[in-house]
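Analysis of the macromolecular model
If you want the building blocks of each chain, they are given just below.
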Amino acid sequence: MKSSKNETSLNPKTSRRGFCRNTALVSAGMLLPGLEMSAMVNVFNDKKLKLAVIGCGGRGSGAANQALKADENIELVAMADAFQDQLDNSLSNLQKEFEGTKKVNVKDAHKYVGLDAYKKAIDQADVVILATPPGFRPYHFEYAINAGKHVFMEKPVATDAPGIRKVLEMAKVAKEKKLNVVVGLQRHYQNNYLAIADKIQQGDVGKIVSGQVYWNSAGVWVRPRQEGQSELEYQMRNWYYFNWLCGDHILEQHIHNIDVANWFIGEYPISAQGMGGRLVRTGKEHGEIFDHHFVEFTYPSGAVIASQCRHQPGTWSKVGENFQGTKGSIEMNDAGAASIVGLDGEKMFDYRNRNDPNPYQVEHDRLFASIRNNEVISDAENGAKSTMTAIMGRMATYSGKVITWEDALESKKLLMPSELTWDSKPPSLPGPDGLYPIPTPGVTDVLS
């Protein structure tokens, strides 16, 4: 699908007022300790809601757990995964967690395994959780929305521009059908971030002109190759290290911080340039992704955000965001702290975690309350555009070139195959030495 540049969905600039309204429950969204989400539920609409989970790894299992706790009258009825062992482990853990309740009721006939299993599970449900590796997300989202289902989908929502265009298209359909879509960018449901967003709306910070966003850590798991695995199964088991499935850690993790920059500035960037590479994490088991990225994102207003992420043990770790405005500076972290300091160095605002509710739980609480109250949450467009921002950053580090929003979004570079069977060859294959091709700045074509 080729999109027109004139479509609203492609415009990286929008009003700060509209942006914050559409991406957060700023003025009324603060959840105080002890607030019972059930109090928000329309008691006249107590239909049992059937839930399906697509992708039964750690995040899918966690999201299912949170969804089942979000509403008294919800039942898990179907599960789908590419691998039987992942489905069985997830179901076993959920059965133990909810033992003595009727919330987990997955019959053998509704345990679906395979690459097309998602369709059968989605068909059984009213609400679906999409938590497979991100490359699959656009296709699963398309099927769920066309089937008229409410959706919680994990971030990121795609690994390439064709996938983003599909999600943007389906986001419009979801709105037309009045379907709720919550995306797992949970900072939009976290009190310290909501408090700062409110202060920005009130003008306390002035115009944000610069910022620094970070996801610097030691890295994540590696799943070694097992005897007898096909190349496709190996890559899907070790999915974090292959771009068609994961999109690199600038996308899979650092999207959170990049999304906060977009949210607080009230725009999406118009260009990106940067650098990155592999210095520490260079083994065969690390596939084809970089272990560090540094990107400068430039916004329509002139703001410039310096973005850095790395997976290198023994180095400085930081996950958070800093911003500089014309009236003061913001410092955030995901542990629940937030502060604003004026130009004179005096603290203007200080927020510390006040036994705040877990934002991972809150996003599910909000989803089911919205369904019960016949309301609509529409996170998909922002989820797609923040995903696109991170993809644009990856394009910049892989190519070493300045990448514009328009060129990135219109890219025809397809990482995720539209058709995949167990006989398919994955898009990236190892060489005779077992190493995978690595992007080379100045050489790699990221757009076509």
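Model, not experiment: these values are computed from the prediction.

**Describing the pairing of strand β4 (residues 127–130)**
Neither face of β4 is open: one carries Val127 and Ile129, the other Val128 and Leu130, and all of them are buried. Pairing between strand β1 (residues 49–54) and β4: four bridges, direction parallel. Note on β4: the bridge partner recorded for Ile54 is Leu130. Here four bridges tie β4 to strand β5 (residues 150–153), and the two strands are oriented parallel to one another.

**Things to note about helix α2 (residues 58–70)**
An α-helix turns once every 3.6 residues. As a result, residues three or four positions apart point the same way. Spanning 13 residues, α2 covers 18 Å between terminal C-alpha atoms, matching the ideal 18 Å at 1.5 Å per step. Turning to α2, its buried residues number three or more, namely Gly60, Ser61, Ala63, Ala64, Asn65, Gln66, Ala67, Leu68 and Ala70. On its buried face, α2 is in contact with β1, β2 (74–81), α3 (84–97), β4, β5 and α11 (359–372).

**Digging into the sheet that holds strand β11 (residues 318–325)**
What the nine strands build is an open sheet, ordered β14-β13-β12-β11-β7-β10-β9-β8-β15; its pairing is mixed. Because the sheet does not close on itself, it has two edges, and the strands there are β14 (347–351) and β15 (403–404). Direction of pairing for strand β13 (residues 338–342) relative to β14: antiparallel, over a ladder of four bridges. Bridged to Ala338 within β14 is Tyr351.

**Looking at the sheet that holds β2**
Hydrogen bonding along the main chain pairs the strands of a sheet, whether they run parallel or antiparallel. With respect to topology, six strands assemble into an open sheet ordered β3-β2-β1-β4-β5-β6, the strand pairing being parallel. With one partner strand each, in any of the chains shown, β3 (111–113) and β6 (181–183) form the two edges of the open sheet. On average, adjacent strands in this sheet sit at an angle of 15 degrees to one another, irrespective of strand direction.

**Here we look at the packing of aromatic side chains**
As enumerated under the stated definition, the model contains 15 aromatic pairs in all. Taking 5.8 Å as the distance between ring centres and 85 degrees as the angle between the ring planes, the aromatic pair formed by Tyr118 and Tyr143 counts as edge-to-face. Of the two residues, Tyr118 sits in helix α4 (residues 117–123) while Tyr143 sits in helix α5 (residues 137–146), which places them 25 residues apart along the sequence. Relative accessible area serves as the criterion here: at 13%, Tyr118 is assigned to the buried category. With relative accessibility at 25%, the residue Tyr143 sits in the partly exposed group.

**What about the confidence of the model for the chain?**
Model confidence for the chain is summarised by a mean pLDDT of 92, while 90% of its residues fall at 70 or above. Overall, residues 1–9 carries pLDDT values under 50, and its contacts beyond four positions in sequence, including any with other chains, amount to 17 contacts. Note on residues 20–44: pLDDT under 50 across the span, and 41 contacts to partners over four residues away in sequence or across chains.

**Quick word on the environment of Pro134**
Looking at the secondary structure, you find Pro134 in the loop between β4 and α5. Look at Pro134 and you get buried, because its relative accessible area is 2%. Between the C-alpha atom of Pro134 and that of Glu252, which follows or precedes it by 118 residues, the distance is 8.0 Å.

**Focus on the environment of Arg354**
Here Arg354 shows up in the loop between β14 and α11. With 163 residues separating them along the chain, Arg354 and Asn191 place their C-alpha atoms 9.1 Å apart.

**Some words on a positive patch on the surface**
Residues Lys48, Lys50, Lys102 and Lys107 make up a contiguous surface patch of positive charge. Within the element layout of this structure, Lys102 appears in the loop between α3 and β3. Look at Lys102 and you get exposed, because its relative accessible area is 73%.

**Re the nonpolar core**
Residues Phe141, Met153 and Phe264 are the most contacted members of the largest nonpolar core, which totals 100 residues. At nine residues, the largest contribution of residues to this core is made by helix α12 (residues 380–399). Each of domain 1 (45–187) and domain 2 (188–410) accounts for three or more of the residues forming this core. Counting 29 residues, the second-largest nonpolar core is a separate cluster that includes Ile74, Leu91, Val104 and Phe368.

**Details of the pattern of salt bridges**
Taken as a whole and judged by the stated rule, the model has 16 salt bridges. With a shortest N-O distance of 3.6 Å, Glu381 and Lys175 are connected by a salt bridge. Residue Glu381 is located in helix α12, and its partner Lys175 is located in helix α6 (residues 161–176); the two are separated by 206 residues in the primary sequence. Judged by its relative accessible area of 45%, Lys175 falls in the partly exposed class. Among the ionic pairs, Lys199 bridges to Asp204, the shortest N-O distance being 3.8 Å. Salt bridges linked by common partners bring Asp85, Glu233 and Arg237 together as one network.

**Quick look at α11**
Helix length check: α11, at 14 residues, gives a terminal C-alpha distance of 20 Å against a target of 20 Å (1.5 Å per residue), a fit within 8%. The buried fraction of α11 amounts to 13 of the 14 residues, a majority that puts the element mostly inside the structure. Capping the start of α11, Asn358 holds a side-chain oxygen 2.9 Å from the backbone nitrogen of Tyr360, two or three residues further along. Looking one or two residues past α11, Asn374 carries a phi angle of roughly 55 degrees, positive in sign.

**Some remarks on the packing of α5 against α6**
Axis separation between α5 and α6 bottoms out at 9 Å; the angle between their running directions is 15 degrees. The angle between the axes of α5 and α6 places the two elements in the roughly parallel class. In terms of crossing hand, the pair formed by α5 and α6 is left-handed. Note on element contacts: α6 touches α5 through Gly163, Lys166, Val167, Met170, Ala171, Val173 and Ala174, opposite Pro138, Tyr139, Phe141, Glu142, Ile145 and Asn146.

Here is what the cut-offs are and how they apply
- Residues numbered from 1 in each chain as written.
- Predicted model: local features only at pLDDT ≥ 70, side-chain atom pairs only at ≥ 80, totals over all residues.
- Heavy atoms only, no water.
- Buried < 20%, exposed > 50% of the residue type's maximum accessible area, 1.4 Å probe, protein only.
- Helix = DSSP H or I, 4+ residues; strand = E, 2+ residues; numbered from the N terminus.
- Pairing = 2+ DSSP bridges.
- Expected span 1.5 Å × (residues − 1).
- Contact = heavy atoms within 4.5 Å.
- Axes fitted to C-alpha atoms, helices over the stretch in contact; angles between N-to-C directions.
- Phe/Tyr/Trp six-rings, centres within 6.5 Å; stacked < 30°, edge-to-face > 60°.
- pLDDT = per-residue confidence, 0-100.
- Patch = residues over 30% accessible without salt bridge, like charges linked within 9 Å, V, L, I, M, F, W, Y side chains within 5 Å.
- Areas by Shrake-Rupley, 256 points an atom, 1.4 Å probe, with all protein chains shown as cover.
- Salt bridge = Lys/Arg side-chain N within 4 Å of Asp/Glu carboxyl O.
- Lys, Arg positive; Asp, Glu negative; His and termini not counted.
- Charge placed at Lys NZ, Arg CZ, Asp CG, Glu CD.
- Core = buried A, V, L, I, M, F, W, Y, C linked by side-chain atoms within 4.5 Å.
- Domains from an automatic or database assignment.
- Polar contact = N/O pair within 3.5 Å; in protein donor to acceptor, adjacent residues only side chain to side chain.
- Parallel < 35°, antiparallel > 145°, perpendicular 65-115°, else oblique.
- Left-handed = near helix turned anticlockwise from the far one by under 90°.

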